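# Examining the three-dimensional arrangement
The primary structure of each chain is shown beneath.
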Amino acid sequence: MYETFTRQPASVQERAVFNIWKKDKSDTGINLAFGFRVENLDIGRLENAVKKIVSRHESLRSVFFEQNGCLFRKVFAELCVDIERLESDDLRKFIRPFDLEKGPLFRLALRKDIVCLDFCHIITDGFSMAIFFSELSAFYSGKDVTYLPKSFPAENLCEIKENTDFWGSQFKNPFQRLSIPSDKKASATNFSAYGGDGSSLVHGVGRLLTKKVRAACRELSVTPFILYFSAFIILLCRESSLKDVVTSTNFSCRNSRNLRSFGLFATTPPVRFFVDEDLTALDFIKKVNSYVREALNHQSFDSEKLLEICGLADLRDFSRTIFTFEHEKMADIRLDGKKCDYVPIPSKHSACDLTFCLFPFREESKILAIFRADLFSRMRIRHLTRHYVEIIRKLMDKDRKISEI
């Protein structure tokens, strides 16, 4: 399958995922799975399009290995692309653990008219998937892609140290780990574990509210991420009864050097925010915006060093909740100019207690809630997503106090 290869140092983001994998090599919480339905699919054109994408991007041809305590990326010159044929309509069976030392670290399969893709997070992030689907659309339609992806940029070690110190300074004072009350009696072992059996559901924000959010963001000169993340912070505050909210969210770590590169650049640092009940919705959103703008100047950090600074064993010791804001074109899949229906593949494993993935679709934003099925019932998660949407709606009233939300 493989021939010649080059060796490169792994990034801090890749090391973080590799360390998670080493703790439990059967963990599928580091998988990113996608499905989409295609009318009149031409399998030959699909296979050819994927081969062209793989030949362009080093990350898709990579595996990882450790040597003398250091992690390296091994990039092969070529990689065969095989299309599996799934026999079951249960698409969850498609999601399987990856071997990060052997690869390949993504797989492609078909089930009737549904195309299934499963990636290991160590080689991709949400921004990269937008690149993947954009190139897939072009190559499938017989078009060319003019821009050339760059190799992985060298890391700025001084910048990473400065950023790590910034995140460590957020936790100089002790904090109470946030916990959302569960409605299932999980065993003590499961409850203390980082992850567990997972499930997921999709909930719409509503077309009218989506439109209002976009209008409010234009008026306030903030991004939709800021408003949706502000609502998530309030949700955690209400559900946990804590004012000092610690959670995690994703930053793209993209700039002109890697804007067209496929790989894992995003980070998910722990963020700490105090909810001041006396603030108005407008002032609260401004405060979140100011915090995030400062955080964006310190995106790439060394998670291992941060854990050492804070005396913790795992990033999930900061928080068991994650909010991710996905690229708007991440699930905007078009072949031959026709929009394909996005098919969520239910998660078999949840890496933490609760993850809210916000997809900012133009017509209606969607929430993909991934949760530990041994802690929460689907009814409980539906309650959380409805509560979240109600908080978003109340944030539209800029003069309303946070204590009234």
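It should be emphasised that the depicted structure is a prediction, and the values quoted were computed from it without experimental measurement. One numbering rule holds for all chains: residues counted from 1, following each sequence as written. Given that this is a predicted model, residues contribute local features only at a pLDDT of at least 70 and side-chain atom pairs are listed and counted only at 80 or more, while totals for whole chains, interfaces and linings are drawn from all residues. Derived side-chain values reflect all non-hydrogen atoms in the structure, with water molecules and hydrogen atoms excluded from consideration.

## Brief notes about the overall build of the chain
How we decide: Every helix listed is a DSSP run of H or I at least four residues long, and every strand listed is a run of E at least two residues long, numbered separately from the N terminus. Note on method: radius of gyration uses C-alpha positions; expected globular size equals 2.2 Å times residues raised to 0.38. Exposure classes here rest on a 1.4 Å probe applied to the protein chains alone. A residue is buried below 20% of its type maximum, exposed above 50%, and partly exposed in between. We call two residues in contact whenever any of their non-hydrogen atoms come within 4.5 Å of each other.
Helix and strand content of the chain: 10 helices and 17 strands. Radius of gyration (C-alpha) of the chain: 21 Å, near the 22 Å computed for a compact globule of 405 residues. Counting only C-alpha atoms, the chain reaches 60 × 50 × 45 Å along its principal axes. Residues classed as buried in the chain amount to 53% of the 405 residues present. Long-range contacts, defined here as pairs at least 24 residues apart, represent 77% of the contacts in the chain between residues at least 6 apart.

## A short note on unusual backbone geometry
Excluding glycine, residues mostly carry a negative phi; peptide bonds, for their part, are mostly trans. Going from Gly103 to Pro104, the amide bond is cis rather than trans, its omega being -10°. Among the secondary structure elements, Pro104 is positioned in the loop between strand 5 (83–85) and strand 6 (106–111). If you check the backbone angles, Ser241 has positive phi at about 65° while not being a glycine. Relative to the assigned elements, Ser241 resides in the loop between helix 7 (224–240) and strand 9 (244–249).

## Quick notes on helix 2 (residues 43–56)
Short version of the rule: Expected span of a helix, by definition, is 1.5 Å for each gap between consecutive residues, and there is one gap fewer than residues. Directions from the helix axis toward the C-beta atoms define the arc. Polar contact is defined as a pair of N or O atoms within 3.5 Å, subject to the rule that within protein one atom must be able to donate a hydrogen and the other to accept it, and that residues adjacent in sequence are counted only when both atoms are side-chain atoms.
With 14 residues, helix 2 ought to run about 20 Å at 1.5 Å a step, and its terminal C-alpha atoms sit 20 Å apart, in line with that. Within helix 2, burial applies to Leu46, Ala49, Val50, Ile53, Val54 and Arg56. The buried residues of helix 2 occupy an angular sector of 160° when the element is viewed end-on, so they sit on one face. Contacts made by the buried residues of helix 2 are with strand 6, strand 7 (114–120) and helix 3 (126–140). Measuring from the side-chain oxygen of the N-cap residue of helix 2 to the backbone nitrogen of Gly44 gives 3.1 Å; that N-cap residue is Asp42.

## Side note on helix 8 (residues 281–296)
Here helix 8 contains 16 residues, and its C-alpha end-to-end distance of 22 Å stays within 8% of the 22 Å for a straight helix at 1.5 Å per residue. Regarding helix 8, the residues found buried are Ala281, Phe284, Ile285, Val288, Asn289, Tyr291, Val292 and Ala295. All buried residues of helix 8 fall inside an arc of 165° around its axis, so they share one side. Those residues of helix 8 that are exposed and angled more than 90 degrees off the buried face are Lys286 and Arg293.

## Some points on the pattern of salt bridges
The test is simple: In what follows, salt bridge is the name for a side-chain nitrogen of Lys or Arg lying within 4 Å of a carboxyl oxygen of Asp or Glu.
In this structure the tally under the stated criterion is 29 salt bridges. Two residues, Asp125 and Arg254, come together in a salt bridge whose shortest N-O distance is 3.0 Å. Here Arg254 lies in the loop between strand 9 and strand 10 (270–274) and Asp125 lies in the loop between strand 7 and helix 3, a separation of 129 residues in the sequence. The exposure class of Asp125 is buried, given its relative accessible area of 1%. Judged by its relative accessible area of 12%, Arg254 is buried. Note that Asp353 and Arg372 form a salt bridge whose closest N and O atoms lie 3.5 Å from each other. Separated by 19 residues along the polypeptide, Asp353 in the loop between strand 15 (349–350) and strand 16 (354–359) and Arg372 in strand 17 (residues 366–372) bring together distant segments of the chain. The pair Asp353 / Arg372 is uniform in exposure class, with both members buried. Among the charged side chains, a network of salt bridges with common partners joins Arg320, Asp353, Arg372 and Asp374.

## A word on the confidence of the model for the chain
Put simply, the rule is: pLDDT is a residue-level measure of predictor confidence that goes from 0 to 100.
Scored by pLDDT, the chain comes out at a mean of 89, with 96% of its residues at no less than 70. In the model, residues 187–191 has pLDDT below 50 throughout and makes 8 contacts with residues more than four positions away in sequence or in other chains.

## Focus: the sheet that holds strand 17
Sheets are built from strands paired through backbone hydrogen bonds, the pairs being either parallel or antiparallel. Under the convention used in this document: In this analysis, strands are considered paired if DSSP registers two or more bridges between them. Helix axes are fitted to C-alpha atoms over the stretch in contact, other axes to C-alpha atoms as well, and angles between N-to-C directions run from 0 to 180 degrees.
If you walk across this open sheet you meet the 7 strands as 10-9-11-16-17-8-15, and the pairing is mixed. Each edge of the sheet is formed by a strand with only one pairing partner; in this case those strands are strand 10 and strand 15. As defined by bridge partners, strand 9 adjoins strand 11 (residues 321–325) across 2 bridges and the pair is classed as parallel. In the sheet register, Thr249 faces strand 11, and the bridge partner there is Phe323. This element, helix 10 (residues 378–395), spans strand 8 (196–204), strand 11, strand 16 and strand 17 of the sheet and lies at about 40° to strand 8.

## A short note on the state of the cysteines
As a reminder of what qualifies: Sulfur atoms of two cysteines make up a disulfide when they are within 2.5 Å.
Within the structure shown, the criterion is met by 0 disulfides. Of the cysteine sulfurs around Cys80, a residue in no disulfide, the closest is that of Cys120, at 20 Å. Considering cysteine sulfurs only, Cys352 is the nearest to Cys237, which forms no disulfide, with 19 Å between them. For Cys237, a relative accessible area of 2% translates into the label buried.

## Notes on the environment of Ile345
Its place among the elements puts Ile345 in the loop between strand 14 (341–342) and strand 15. As a C-alpha pair, Ile345 and Phe34 span 311 residues in sequence and 6.2 Å in three-dimensional space.

## Some details on the sheet that holds strand 2 (residues 31–37)
Ordered by their spatial adjacency, 5 strands build an open sheet running 5-6-7-2-14, and the pairing between neighbours is mixed. Looking at which strands have only one partner, the edges of the open sheet turn out to be strand 5 and strand 14. Pairing of strand 2 with strand 14 involves 2 bridges; the strand directions are antiparallel. In the sheet register, Phe36 faces strand 14, and the bridge partner there is Tyr342. Where helix 2 meets the sheet, its contacts fall on strand 5, strand 6 and strand 7, and the angle it forms with strand 6 comes to roughly 170°.

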